[in-house]
Amino acid sequence: MAVSTHAEESAALSIDGQEFTIQTAAPAHAENLDEVTSGWIYRAKETQALQLDDFDNPGFVFVDQAIDLWNEVEGSEGKACASCHEDVGQFAGLRTTLPRVEDGKVVTMEDLVNTCRTDHMGAEPWKYSGSQIIAMTALIGLQSRGMPMNVAIDGEAAEFWEQGRELYYTRVGQLDMACSNCHEDNYDTMIRADHLSQGQTNGFPTYRLKNAKLNSTHARFKGCMKNIRAEPYKVGGEEFKSLELYIASRGQGLSVETPSVRN
């Protein structure tokens, strides 16, 4: 495990007077970590500053787009999201519990959004990791901002959590690397001019300066697999869903930062 100091060890993440937990003791099931840390810690001061003010945070451009989508009538039932859910604020706390397992399947926020579209609006599902669904998950995730991550990993979730854990530690690709090689063994070190983080997902969807848009968790997983020259699993597929569950559980106690800003 890396032992060097963090980029901004004394920095505090506070937005509109709300303090965020960016470092906390690691959960017992993250047995190779002493503490878990937000990716915000490892960013340059200029990048950190973008997240401190919602007017400067470029992710809010997409949140505004989602507000329009929230009120847009679509589908055979002549409904919008707002037709059933008068206030998006009712979803406060939802982001902290996702992914979760229902009826023997891992359910993500993207799944919940598309189920509402198909079953209640009679509308076509949005593309998984497409711009519309990422914007909507950012708007819904924003309602939980500042709340601690707390996904369930026991009961019927246990087998999927184990699958995700196995994927996290399995070496793949031409570079023969696993998620753990970067985000557990070498976090807080520099690689290719970037400062490696623990790969926590509490800030997703996250705005990346690299591609100037909001990025979903699965899109980031896909990018990581391509970087190690591995064939990525399907975005929205069972492998990535199990991996998302496992990685989310490693960040238990960290505050939801959606939408965060990263490199």
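Quantities reported herein were computed from a predicted structural model and do not represent experimental measurements.

1. With respect to the environment of Asn227
Okay, step 1: Here Asn227 is to be found in helix α8 (residues 217-227).
Okay, step 2: Classification of Asn227 by relative accessible area gives partly exposed; the value is 41%.
Okay, step 3: Through-space distance from the C-alpha of Asn227 to that of Gln163 is 22 Å; in sequence the pair is 64 residues apart.
Okay, step 4: Setting aside residues no more than four positions away along its own chain, Asn227 makes contact with Leu175 and Arg220.

2. Considerations on the packing of aromatic side chains
Okay, step 1: Scanning the model with the defined rule gives eight aromatic pairs in all.
Okay, step 2: When the centroid spacing of 5.1 Å and the interplanar angle of 80 degrees are considered together, the rings of Tyr168 and Tyr169 count as edge-to-face.
Okay, step 3: Owing to a relative accessible area of 1%, Tyr168 belongs among the buried residues under this scheme.
Okay, step 4: Put simply, the rings of Trp161, Tyr168, Tyr169 and Tyr246 pair up and form one aromatic cluster.
Okay, step 5: Over the face of the ring belonging to Trp126 we find Arg117, whose NZ or CZ atom lies 4.0 Å from the ring centre.

3. Regarding the confidence of the model for the protein
Okay, step 1: Across the protein, the average pLDDT comes to 95, with 96% of residues at 70 or higher.
Okay, step 2: Segment residues 1-7: pLDDT under 50, and 23 contacts once partners within four positions in sequence are set aside and those in other chains are kept.

4. Some details on the sheet that holds strand β11 (residues 260-262)
Okay, step 1: Spatial strand order, β10-β9-β11: three strands in an open sheet with mixed pairing. Each end of this open sheet is capped by a strand with a single partner; those strands are β10 (213-215) and β11. Mean inter-strand twist for the sheet, computed between neighbouring axes without regard to direction, equals 40 degrees.
Okay, step 2: Summarising the sheet, strand β9 (residues 206-208) and β11 pair through three bridges and their orientation is parallel. Note that in β11 the partner of Tyr207 across the bridge is Val261.

5. Some points on helix α4 (residues 109-121)
Okay, step 1: The terminal C-alpha atoms of α4 lie 17 Å apart, and with 13 residues this matches the ideal 18 Å at 1.5 Å per residue to within 8%.
Okay, step 2: Turning to α4, its buried residues number three or more, namely Met109, Glu110, Asp111, Val113, Asn114, Arg117 and Met121.
Okay, step 3: Looking at the buried positions of α4, the neighbouring elements they touch are α3 (81-84), β6 (105-107), α5 (131-142) and α9 (238-250).
Okay, step 4: Among the residues trailing α4, Gly122 stands out with phi positive, at a value near 65 degrees.

6. Remarks on the nonpolar core
Okay, step 1: Grouped together as the largest cluster of nonpolar side chains are 25 residues, with contacts concentrated most on Trp70, Val113, Met136, Leu139 and Ile140.
Okay, step 2: Listed by contribution, the elements that provide at least two residues to this core are α2 (60-70), α4 and α5.
Okay, step 3: Top contributing element to this core by residue count: α5, with eight residues.

7. A look at the pattern of salt bridges
Okay, step 1: Applying the stated criterion across every chain, the model contains eight salt bridges.
Okay, step 2: The salt bridge partner of Glu31 is Arg165, with a shortest N-O separation of 2.4 Å. In this pair, Glu31 sits in the loop between β3 (23-25) and β4 (35-37) while Arg165 sits in helix α6 (residues 158-169), placing the two residues 134 residues apart along the sequence.
Okay, step 3: Linking Glu74 and Arg117 is a salt bridge whose minimum nitrogen-to-oxygen distance equals 3.1 Å. Of this pair, Glu74 sits in the loop between α2 and α3 while Arg117 sits in helix α4, and the two are 43 residues apart along the sequence.

8. Concerning the packing of α4 against α5
Okay, step 1: Running from N to C, α4 and α5 point in directions that differ by 105 degrees, and their axes come no closer than 10 Å. Between α4 and α5, the interaxial angle falls into the category roughly perpendicular. Residue-level contacts link Met109, Glu110, Val113 and Asn114 of α4 to Ile133, Met136, Thr137, Ile140 and Gly141 of α5.
Okay, step 2: Here the contact of α4 with α5 is built from residues that sort into five nonpolar, three polar and one charged.

9. A word on the environment of Asn186
Okay, step 1: Take Asn186: it is sitting in the loop between α7 (179-183) and β7 (190-191).
Okay, step 2: On the basis of relative accessibility, which here comes to 36%, the residue Asn186 falls in the partly exposed class.
Okay, step 3: In the structure, Asn186 is positioned 10 residues away from Leu196 in sequence and 7.2 Å away in space, judged by C-alpha atoms.
Okay, step 4: Of note is the side chain of Asn186, whose polar atom sits 2.7 Å from the backbone oxygen of Asn181.

Cut-offs used in this document
Note on numbering: residues in each chain are counted from 1, in written sequence order. The predicted nature of this model means local features are confined to residues of pLDDT at least 70 and side-chain atom pairs, given and counted, to a pLDDT of 80 or more, with totals for whole chains, interfaces and linings taken over all residues. Hydrogens and water molecules were not included; the side-chain quantities draw on all heavy atoms of the structure. Helix and strand assignments follow DSSP, with helices taken as H or I runs no shorter than four residues and strands as E runs no shorter than two, numbered in order from the N terminus. Type-normalised accessible area, obtained with a 1.4 Å probe on protein chains alone, sets the label of each residue: buried when under 20%, exposed when over 50%, and partly exposed for intermediate values. Residue contacts follow a heavy-atom distance rule, with two residues in contact if any of their heavy atoms lie within 4.5 Å. Paired rings are identified among Phe, Tyr and Trp, the last through its six-membered ring, by centres lying within 6.5 Å, and are further divided according to the angle between planes into stacked (under 30 degrees), edge-to-face (over 60) and tilted (the rest). In this scheme, Lys NZ or Arg CZ marks a charge over a ring once it lies within 6 Å of the ring centre and within 35 degrees of the ring normal. pLDDT is a per-residue confidence score from the predictor, ranging from 0 to 100. Two strands are said to pair when DSSP picks up at least two bridges between them. Working convention: axes come from line fits to C-alpha atoms, limited for helices to the stretch in contact. Angles between N-to-C directions cover 0 to 180 degrees. A helix is expected to span 1.5 Å multiplied by its residue count minus one. Here the nonpolar core consists of buried residues drawn from Ala, Val, Leu, Ile, Met, Phe, Trp, Tyr and Cys, with membership extended through side-chain atoms lying within 4.5 Å. One side-chain nitrogen of Lys or Arg within 4 Å of one carboxyl oxygen of Asp or Glu is enough to make a salt bridge. In these notes the angle categories are as follows: under 35 degrees is roughly parallel, over 145 is roughly antiparallel, 65 to 115 is roughly perpendicular, and the rest is oblique. Note that Gly is not counted as nonpolar here; it falls among the polar residues with everything else outside the nonpolar set of Ala, Val, Leu, Ile, Met, Phe, Trp, Tyr, Cys and Pro and the charged set of Asp, Glu, Lys and Arg. Think of a polar contact as two N or O atoms within 3.5 Å of one another; within protein, one of them needs to be a possible hydrogen donor and the other a possible acceptor, and neighboring residues in sequence only count if both atoms come from side chains.

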